[in-house]
Each structure stands twice: as structure tokens, then as C-alpha cells.
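Residue strings, one per chain:
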Amino acid sequence: AHPDSLTYRYTLKPTEKNLAVRSLTVKLDSITRKPLRIEAVLVSENSLYTAEKQILLESGPKEGNNWGIISYHLSGFQHLSISDKNTFDVKGTISR
């Protein structure tokens, strides 16, 4: 599916394999044009270590006509070649 005019998507090109950010998607609010949702996938790897992080940040209108973070979600894994894979999954909601 192609993004709409309010969605910007970046995906790593084959020649950019050394960059940590593998993909980035930003969805804008139709009225304010401020980010509503930001998603990213980051990968780090070498001969001893592999890690992947998926990041989701949601924002929107806040008290006092401000714009701010509403929630976030971080998940992924870290794997050293000499140990088991460790996964993580963190979710948060920002009040106020």
C-alpha cells in the first residue's frame, strides 16, 4: 500500500545497509500537519551482536492547545553470539 499525502515513509535502500534506521514512517494530522504517529525500525549488527528495535510514538492535542506525546511502544531484541536472545516490550501512556 502506498502512503497518502499525510504519510511519509522511508525504507532503507540496499546501498545503505550500514545505517541503523531500516524504516521510518511519519503520519501527519490533517489539520495541524503535526506528527500523529511515528514508527521506526532500527537494526544494529556485527559479528558478535545483533539488535532490533521497533519504536512507535503517538502524539496529539493536549491541554492548553498544545501538542504532545500521548503514548509510546518500544519492542525488540538483543542477541550476543555467546548468549541467548533477550527480548523487550515496553508500553507507556503520558498523562497530562
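So, a few notes on the structure that sits alongside this text. Treat the numbers as computed from the prediction; the structure is a model and nothing was measured. (Residues numbered from 1 in each chain as written. Predicted model: local features only at pLDDT ≥ 70, side-chain atom pairs only at ≥ 80, totals over all residues. Heavy atoms only, no water.)

1. Thoughts on the pairing of strand β5 (residues 66–80)
Link 1 in the chain: By the bridge criterion, 14 bridges tie strand β4 (residues 49–62) to β5 in an arrangement that is antiparallel. In the sheet register, Ser-59 faces β5, and the bridge partner there is Ile-69.
Link 2 in the chain: Between β4 and β5, which pair antiparallel in sequence order, lie 3 residues; one of them, Gly-64, sits at a positive phi of approximately 75 degrees.
Link 3 in the chain: In this structure, β5 lies alongside strand β6 (residues 86–93), joined through 8 bridges in antiparallel fashion. Paired with Leu-74 across the bridge in β6 is Val-90. (Pairing = 2+ DSSP bridges. Helix = DSSP H or I, 4+ residues; strand = E, 2+ residues; numbered from the N terminus.)

2. Topic: the sheet that holds strand β2 (residues 21–28)
Link 1 in the chain: If you walk across this open sheet you meet the 6 strands as β1-β2-β3-β4-β5-β6, and the pairing is antiparallel. The open sheet has two edge strands with one neighbour each: β1 (7–11) and β6. The average undirected angle you get between the axes of adjacent strands in this sheet is 5 degrees. (Axes fitted to C-alpha atoms, helices over the stretch in contact; angles between N-to-C directions.)

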